[in-house]
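Per-entry structural report
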Amino acid sequence: MKTFNVCIVGGGSTYTLGFLKSFVRLKEEFPLKRLVLFDIDKERQEPIGKYGEILFGERFPELDFVYTQDAKEAYEGMDFVFMQMRAGGLQMRAKDEHIPLGMGMIGQETCGAGGMSYGLRSCVDMIKSIHEIRTYAPDAWILNYSNPAAIVAEALRREFPDDKRILNICDQPENVVRSCSRLLGCNWEDLDPVYFGLNHFGWFTHMYDVHTGEDLLPKIREMIKERGFLPQDAEQRDQSWLDTYGMVQTIMADFPDYLPNTYDQYYLYPEYKASHLNPDFTRADEVMAGREKRVFTECAEVIKEGKLGDRFHAISDAHAEMMIKVAEAIAYNRNDRHILIVENNGAIANMQDDAMVEVVCELGINGPRPMRVGRIPQFYLGLLVNQVSCEKLIVDAYFENSYQKALEAFTLSRLVNDAKKARKLLDALIEANKGMWPELR
């Protein structure tokens, strides 16, 4: 059986442990020859790398595993590069969230002004990294799930128009599908969704039973109305995520046609959400106080003891498992269905062709084949066209070094929606992002 070489960019991420464990658990179906962690932050990556050495020494000793800060060592000979960069780290994410909330507007990792702030940083770092990857691994598949995925996907579409081996993907739609399976008491792989939208801004129009063909969305709608909605791994989630999934019940009470992506709450209720978020303790702070400490505490304990012990959990890591399944679909030409971010080209019939939309695709060795969803209703079209325009304008600002385009993007955002507020917010974020954004003139 063929074995694969994989690099994870962002080796110091708190999500990396899930990947390391998943590569062990799935080593028979997706066998690795070489795994490299790459991160420019040695201090963050080193404990995770040492943890990996102990893990693989016990459970996957034949794997060639290294961690490095050298791009050539990281990328040469790779079949797949998994991109999970966080430009500016969690400290800058905190500023993306705190600054808008301090002015009474949504501060969020991927939505509104916070998302655009992060997006400009990500454009800088992602484009640089992919040029490096292509220097050392011209044929590698680049699986990008770095946030904000919508803005990054638009920037990569422009910078690398002929590169057909860059795939943009987000796990949140699959998380919603898995959460439906929890509600229904079935296996998530028994559900066949129909979905349209943009990254972190979409809706499920149908949720079919793969065995009977029944559309289960009417049943899901009634169950959410009666019981609310929980993430499939609710017991492991922080409170902010439980609140986020809980808003699905509210959204469906107001807009019952479709099942929403959980992030739709920010676009549909921006004032409500802004008033119920704490500007002094945002999601970034929660991550640093919660998941960050848990992950690095586990690493420290394993390194101190020199063994994994009983810390290898048999339960799957949904995020890592999904990305490995995406790689398998390509590697084995399976033409499996995944929800991916692709150039529209008629997939949503009444949206512009060059929008980067999120739809179900068949995925194999030649890349994604989007499944068309036809024309979408005016309400949803209006929301999405507005957001596509914001994303395109902020990417214009990156490529043109244009303050004006950035101001237009901020003004147009449903989460800002006022030119004076937009200018004040933009100026504050320019100051906060000195040296990390392109210079806007």
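Figured I'd write up the structure that's included with this text. Keep in mind that what you see is a predicted model, and the values were worked out from it rather than measured.

1. Describing the pairing of strand β10 (residues 336–343)
Examined bridge by bridge, strand β6 (residues 166–169) and β10 share two bridges and lie antiparallel to one another. Residue I169 lies in a different strand from β10, and its bridge partner there is L340.

2. Observations regarding empty space enclosed by the protein
A full pass over the atoms with the stated rule returns two cavities of 30 Å³ or more. As a volume, the largest cavity reaches approximately 110 Å³. Forming the boundary of the largest cavity are 13 residues, of which T110, I151, Y267, Q387 and E391 lie nearest the centre. Put simply, the parts of the chain that give the lining of the largest cavity at least two residues each are α5 (112–136), α6 (149–159) and α15 (378–400). In terms of residues, the lining of the largest cavity owes the most to one element, α15, which gives three residues. Looking at the lining of the largest cavity residue by residue, the classes come out as six nonpolar, six polar and one charged. Approximately 40 Å³ is the volume attributed to the second largest cavity. A150, E154, A355, M356, V388, E391 and K392 are the residues that line the second largest cavity. Of all the secondary structure elements, the ones that give two or more residues to the lining of the second largest cavity are α6 and α15. A total of three residues in the lining of the second largest cavity trace back to one element, the largest contributor, which is α15. Of the residues assigned to the lining of the second largest cavity, the class counts are four nonpolar, no polar and three charged.

3. Details of the sheet that holds strand β2 (residues 32–38)
Taking strand neighbours across the sheet as the criterion, the nine strands line up as β3-β2-β1-β4-β5-β6-β10-β11-β12 in an open arrangement whose pairing is mixed. The strands lining the two open edges of the sheet, one partner per strand, are β3 (64–68) and β12 (367–370). Sheet twist, expressed as the mean angle between neighbouring strand axes with direction ignored, is 35 degrees. Strands in contact with helix α1 (residues 16–25) are β1 (4–9), β2, β3 and β4 (80–83); relative to β2, the strand with the most contacts, it is inclined by about 175 degrees. Each of β4, β5 (141–144) and β6 touches α5; the most contacted strand, β4, lies at about 170 degrees to it.

4. Points about the pattern of salt bridges
Charged atoms that come close allow side chains of opposite charge to pair. Throughout the structure, instances matching the rule amount to 32 salt bridges. Residue R86 is joined to E109 by a salt bridge in which the shortest nitrogen-to-oxygen separation is 2.7 Å. Of the two residues, R86 sits in the loop between β4 and α4 (89–102) while E109 sits in the loop between α4 and α5, which places them 23 residues apart along the sequence. Via salt bridges that share partners, E154, R157, R158, E343, D354, K392, D396, E400 and K405 belong to a single interconnected network.

5. With respect to the sheet that holds strand β7 (residues 191–198)
Strands pair in a sheet through their backbones, by hydrogen bonds, and they do so in one of two ways: parallel or antiparallel. As summarised here, the arrangement of the three strands in space is β7-β8-β9, forming an open sheet in which the pairing is antiparallel. Edge positions in the sheet fall to β7 and β9 (259–260), since each has one partner strand and no second. In this fold helix α8 (residues 217–227) packs onto β8 (201–209) and β9, with an angle of close to 115 degrees to the strand it touches most, β8.

6. Let's talk about α5
What sets the pattern is the α-helix's 3.6 residues per turn: residues three or four places apart point alike. Here α5 spans 35 Å end to end across 25 residues, near enough to the 36 Å set by a 1.5 Å rise per residue. When the local axis directions of α5 are compared, the greatest deviation, roughly 25 degrees, occurs at S122. Along α5, 18 of the 25 residues are buried, which leaves the element largely enclosed by surrounding structure.

7. Brief notes about the packing of aromatic side chains
The full count for this structure, using the stated rule, is 27 aromatic pairs. Here the aromatic rings of F4 and Y332 are separated by 5.9 Å at their centres, their planes lie at 70 degrees, and the arrangement is edge-to-face. Of the two residues, F4 sits in strand β1 while Y332 sits in the loop between α14 (318–331) and β10, which places them 328 residues apart along the sequence. Members of the aromatic cluster, joined through ring pairs, are F196, F201, W203, F255, Y258, Y267, F379 and Y380. One Lys or Arg, K27, reaches over the ring of F60 and ends 5.1 Å from the middle of that ring.

8. Let's talk about the environment of C299
Here C299 is to be found in helix α13 (residues 291–305). Overall, the relative accessible area of 0% leaves C299 in the buried class. Distance in space between the C-alpha atoms of C299 and E46 is 9.8 Å, their sequence separation being 253 residues. In this structure, C299 is in contact with L17, P47, I48 and Y51, ignoring residues within four places of it in sequence.

9. What about the packing of α6 against α15?
The N-to-C vectors of α6 and α15 enclose an angle of 55 degrees; their axes lie 9 Å apart at closest approach. Relative to α15, the element α6 lies oblique. Relative to α15, α6 is oriented so that their crossing is right-handed. Between α6, through A150, I151, E154, A155, R157, R158 and E159, and α15, the contact on the second element is made entirely by E391, K392, I394, V395, D396 and F399. For the contact of α6 with α15, the class distribution of residues is six nonpolar, no polar and seven charged.

The rules behind the values
Residues numbered from 1 in each chain as written. Predicted model: local features only at pLDDT ≥ 70, side-chain atom pairs only at ≥ 80, totals over all residues. Heavy atoms only, no water. Pairing = 2+ DSSP bridges. Helix = DSSP H or I, 4+ residues; strand = E, 2+ residues; numbered from the N terminus. 1 Å grid on protein atoms, 1.4 Å probe; cavity = no way out; pocket = protein on both sides within 12 Å on 5 of 7 lines; lining within 4 Å. Points joined across faces, edges and corners; volume = space filled by probe spheres on them. Nonpolar A, V, L, I, M, F, W, Y, C, P; charged D, E, K, R; others polar. Axes fitted to C-alpha atoms, helices over the stretch in contact; angles between N-to-C directions. Contact = heavy atoms within 4.5 Å. Salt bridge = Lys/Arg side-chain N within 4 Å of Asp/Glu carboxyl O. Expected span 1.5 Å × (residues − 1). Bend = angle between axes of the 7 residues up to and from the residue. Buried < 20%, exposed > 50% of the residue type's maximum accessible area, 1.4 Å probe, protein only. Phe/Tyr/Trp six-rings, centres within 6.5 Å; stacked < 30°, edge-to-face > 60°. Lys NZ or Arg CZ within 6 Å of the ring centre and 35° of its normal. Parallel < 35°, antiparallel > 145°, perpendicular 65-115°, else oblique. Left-handed = near helix turned anticlockwise from the far one by under 90°.

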